[in-house]
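Coordinates in review
For reference, the chains in residue letters:
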Amino acid sequence: MQFAECVMQRYATKKFDGRTIPEAKVNELLELVRFAPSALNVQPWKIKVITDKKVKETLRPASNNQEQITTCSHLLIFCADSDYDSLIKRLGALMTANHIPKDVVDKVTGMAAQFAAGMSKEQQAAWSQAQTYLALGNALNGAKSLGFDSCPMGGFDPKAYSRILKIPAHLTPVMLCPIGYAADKQGPKIRFPGSEIVF
Ligand SMILES: Cc1cc2nc3c(=O)[nH]c(=O)nc-3n(C[C@H](O)[C@H](O)[C@H](O)COP(=O)(O)O)c2cc1C
């Protein structure tokens, strides 16, 4: 499927039909997510994947009781990672393992460390969150390209999710992305005209 078709045919699915997406396809999707861009390439996101029916049932009340949670195949929970010390250390090691010259590694990790140090905890969290949305974008369009459906969902209680799933403190759930096969139909695309958004 061409990218433009994915964009136009993707929609926020309200109900899935309960079928399971083959694991290989889910892994392909997670690869598309993994390659999303991020500032200084720090990749400040983690994705929790839930398939267990009982766990989904437990999460549904913490998700405005939305049906996508229990009808989806896999529930992806996009978490913003604000542990910049670890992320930068890990990035440096990875660049070195990929034969990036030491001066470049030092420059990139130094800039990232300086940037992170110049922000409050809240600003760091917001920075991670903004980038996690880019990874989510890959998941939404990527799902369509791989032949299944998705829904971006912000209507949930992140604290309850963290508690129920014992998510570590440096990770904040920011968006849900249930994926599966739609049991509903795409409605009309309601969008402001280009002339109103381009100035
Ligand atoms: C940040 C954000 C939060 C959203 N939260 C929900 C949600 O909790 N439940 C839901 O059904 N759709 C949710 N949506 C989907 C939007 O309602 C939907 O993308 C929008 O109405 C445009 O429709 P379309 O995606 O079908 O083109 C959310 C979308 C975004 C970007």
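Anyway, here's the lowdown on the structure attached to this text. (Residues numbered from 1 in each chain as written. Predicted model: local features only at pLDDT ≥ 70, side-chain atom pairs only at ≥ 80, totals over all residues. Heavy atoms only, no water.)

What about the environment of Ala135?
Along the chain, Ala135 turns up in helix H7 (residues 121–145). When the C-alpha positions of Ala135 and Leu30 are compared, they lie 9.6 Å apart, and in sequence the two are 105 residues distant. Sequence-distant contacts of Ala135, defined by excluding residues within four places in its chain, comprise Val33, Ala36, Trp45 and Phe78. (Helix = DSSP H or I, 4+ residues; strand = E, 2+ residues; numbered from the N terminus. Contact = heavy atoms within 4.5 Å.)

Considering the pattern of salt bridges
Using the criterion set out here, one finds seven salt bridges in the structure. The partner of Lys46 in a salt bridge is Asp81, with the nearest N and O atoms 2.8 Å apart. On the criterion of sequence distance, the pair formed by Lys46 in strand E1 (residues 45–50) and Asp81 in strand E2 (residues 74–81) is long-range, its members being 35 residues apart. For Asp81, a relative accessible area of 3% corresponds to the buried category. Of the charged contacts, one joins Glu57 and Lys53 as a salt bridge, the two residues approaching to 3.2 Å between their closest N and O atoms. Taken together, the residues span about one helical turn, with Glu57 and Lys53 both in helix H3 (residues 53–59) at a distance of four residues. A relative accessible area of 41% places Glu57 in the partly exposed class. (Salt bridge = Lys/Arg side-chain N within 4 Å of Asp/Glu carboxyl O. Buried < 20%, exposed > 50% of the residue type's maximum accessible area, 1.4 Å probe, protein only.)

Points about the site of the ligand
The immediate surroundings of the ligand are formed by 14 residues, with Ala12, Lys14, Gln66, Lys189 and Arg191 found nearest. Within the contact set of the ligand, a nitrogen atom lies 2.9 Å away from a backbone nitrogen or oxygen of Gly154. A total of 620 Å² of accessible area belongs to the ligand in isolation, and the protein chains cover 60% of it. Looking at side-chain class alone, the shell around the ligand contains six nonpolar, four polar and four charged residues. (Near = heavy atom within 4 Å. Polar contact = N/O pair within 3.5 Å; in protein donor to acceptor, adjacent residues only side chain to side chain. Areas by Shrake-Rupley, 256 points an atom, 1.4 Å probe, with all protein chains shown as cover. Nonpolar A, V, L, I, M, F, W, Y, C, P; charged D, E, K, R; others polar.)

Details of the packing of helix H2 (residues 23–34) against H7
Orientation of H2 relative to H7, taken along the N-to-C sense of each, is 145°, at an axis distance of 8 Å. For the crossing formed where H2 meets H7, the hand is right-handed. Together, Leu29, Leu32 and Val33 of H2 and Ala135, Asn138, Ala139, Gly142, Ala143 and Ser145 of H7 make up the contact between the two elements. (Axes fitted to C-alpha atoms, helices over the stretch in contact; angles between N-to-C directions. Left-handed = near helix turned anticlockwise from the far one by under 90°.)

Some thoughts on the environment of Leu75
Here Leu75 lies in strand E2. What makes Leu75 buried here is its relative accessible area of 0%. Residues Leu75 and Gln114, spaced 39 residues apart in sequence, show a C-alpha to C-alpha distance of 35 Å. Aside from chain neighbours lying at most four places away, what touches Leu75 is Lys48, Val49, Ile50, Leu59, Ile69, Tyr161, Leu176, Cys177 and Pro178.

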